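Below, each chain spelled out in residue letters.
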Amino acid sequence: MQNEKLSKQHLKQLKQLCNEAGIKLTHQRLEIFKELMAVCDHPSAELIHQRIHKKLPTIAIDTVYRTLATFDELGLVKKLHIMNERTLFDTNVTIHHHFICTHCKKVEDIYWSDFDNSTLPEVVKGMGKVQSRHLEIHGVCNDCLNTNEK
Ligand SMILES: [Zn+2]
Ligand SMILES: [Zn+2]
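Within each chain, residues carry numbers counting from 1 in the order of the written sequence. Each chain takes a letter, starting from A, and each ligand takes a number, starting from 1, following the order in which they are written. Given that this is a predicted model, residues contribute local features only at a pLDDT of at least 70 and side-chain atom pairs are listed and counted only at 80 or more, while totals for whole chains, interfaces and linings are drawn from all residues. No hydrogens and no water enter the side-chain calculation; it runs on all heavy atoms of the structure.

Enquirer: Talk me through the packing of helix H3 (residues 45–52) against helix H4 (residues 61–74); I want residue IDs and the actual numbers.
Expert: In this analysis an axis means a line fitted to C-alpha atoms, helices contributing only their contacting stretch, and an angle means the value between N-to-C directions, from 0 to 180 degrees. By the criteria applied, helices consist of DSSP H or I runs no shorter than four residues and strands consist of E runs no shorter than two, each listed in order from the N terminus. Where H3 meets H4, the axes come as close as 9 Å, and the angle between the chain directions of the two elements is 120°. One element, H3, and the other, H4, form an angle in the oblique class. Crossing handedness for the pair H3 and H4: right-handed. Where H3 approaches H4, its residues Ala-45, Glu-46, Ile-48 and His-49 are matched on the opposing element by Ile-61, Val-64, Tyr-65 and Leu-68. Ten residue types, Ala, Val, Leu, Ile, Met, Phe, Trp, Tyr, Cys and Pro, are classed as nonpolar, four, Asp, Glu, Lys and Arg, as charged, and the remainder, Gly among them, as polar. Split by residue class, the contact of H3 with H4 holds 6 nonpolar, 1 polar and 1 charged. To sort the angles, those under 35 degrees are grouped as roughly parallel, those over 145 as roughly antiparallel, those from 65 to 115 as roughly perpendicular, and the leftovers as oblique. Each crossing gets its hand from how the near helix is turned against the far one by less than a right angle, where anticlockwise is left-handed and clockwise is right-handed. Between two residues, a contact is recorded if the distance between any of their heavy atoms is within 4.5 Å.

Enquirer: Which residues make up the sheet that holds strand E3 (residues 97–101), and what values go with them?
Expert: The pairing of strands in a sheet comes from backbone hydrogen bonds and takes either a parallel or an antiparallel form. A sheet is described by the order of its strands in space; here 3 strands give the open sequence E4-E3-E5, paired in mixed fashion. With partners counted over all chains shown, the strands left at the sheet margins are strand E4 (107–110) and strand E5 (136–139), one partner each. Ignoring strand direction, the axes of neighbouring strands in this sheet form an average angle of 25°. The pairing criterion for strands is at least two bridges between them, as found by DSSP. Here 4 bridges tie E3 to E4, and the two strands are oriented antiparallel to one another. Among the inter-strand pairings, His-97 is bridged to a residue of E4, identified as Ile-110.

Enquirer: So what about the coordination of the zinc ion (ligand 1)? Which residues, and what values?
Expert: Coordinating donors are taken to be N, O and S atoms lying within 2.8 Å of the metal, or within 3.2 Å when the metal is Na, K or Ca; because water is excluded from the atom set, some sites may appear incomplete. The coordination sphere of the zinc ion (ligand 1), as far as protein atoms go, consists of Cys-101 (SG), Cys-104 (SG), Cys-141 (SG) and Cys-144 (SG), spread over 2.3 Å. Irregular is the label for any site that misses the other tests, which are tetrahedral for four donors with all angles between 85 and 135 degrees, and square planar for four donors or octahedral for six when opposite donors exceed 155 degrees and the remaining angles lie between 65 and 115. Each of the 4 donor atoms around the zinc ion (ligand 1) contributes to a set of angles spanning 106 to 114°, which defines the coordination as tetrahedral. Classification of residues uses two cut-offs on accessible area relative to the type maximum, computed with a 1.4 Å probe and protein chains only: under 20% is buried, over 50% is exposed, and between them is partly exposed. Looking at Cys-104, the relative accessible area reads 39%, which means it is partly exposed.

Enquirer: So, the pattern of salt bridges: which residues are in play, and what are the values?
Expert: Salt bridges are defined as contacts in which a side-chain nitrogen from Lys or Arg sits within 4 Å of a carboxyl oxygen from Asp or Glu. Overall, the coordinates contain 5 salt bridges when judged by the stated rule. Between Lys-34 and Glu-31 there is a salt bridge, with its nearest N and O atoms 4.0 Å apart. Note that Lys-34 and Glu-31 are positioned in helix H2 (residues 27–39) at a spacing of 3 residues, about one turn of the helix. Residue classification places Lys-34 among the partly exposed residues on the basis of a relative accessible area of 37%. Looking at Glu-31, the relative accessible area reads 8%, which means it is buried. A salt bridge links Lys-125 to Glu-122, with the nearest nitrogen and oxygen atoms 3.9 Å apart. Residue Lys-125 and its partner Glu-122 are located together in helix H6 (residues 122–125), separated by 3 residues, close to a single helical turn. Judged by its relative accessible area of 58%, Glu-122 falls in the exposed class. Each of Glu-31, Lys-34 and Lys-55 takes part in salt bridges that share partners, so that together they form one network.

Enquirer: I'd like a description of the nonpolar core, backed by residues and values.
Expert: One finds Leu-14, Ile-32, Val-64, Leu-68, Phe-71 and Leu-76 to be the most contacted residues of the largest nonpolar core, which totals 21 residues. In this structure Phe-71 touches Leu-14, Arg-29, Ile-32, Phe-33, Leu-36, Leu-76 and Val-77, once residues within four positions along its chain are discounted. Counting 5 residues, the second largest nonpolar core, distinct from the first, contains Ile-82, Leu-88, Ile-100 and Val-107. Only buried residues count toward a nonpolar core, which is a set of Ala, Val, Leu, Ile, Met, Phe, Trp, Tyr and Cys residues joined through side-chain atoms within 4.5 Å.

Encoded structure:
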């Protein structure tokens, strides 16, 4: 889904970040990263493992987990806990929110600058320092609504 130029930029970013963090860019890490950029969306570690298995048959799911955790620390992906049950990795690290279909579990991005820039309720200030705000909207997606009507 992403064009050639974009993935080259991503690759450059990956190399630079690994360099700065003193992390070796191993073949496995590189392949996992490429797979991540190829799938777009919000893949789970299991999905990445399944897909990468074709290229690297000996790779363990633990390696995929660890690598994704490293990428999360580097800011290359964002770890998401959807509805407190699934851990997904968001390849889109810009500020955005999610619409989650409770039926097919599809996750879609929502941009909502009004929300991002809005003043939080006073009560939040009394609770502590806000680091980020992420909104999950739960519903049934159009695809599922249309299938159910048939
Ligand atoms: Zn759906
Ligand atoms: Zn997202």
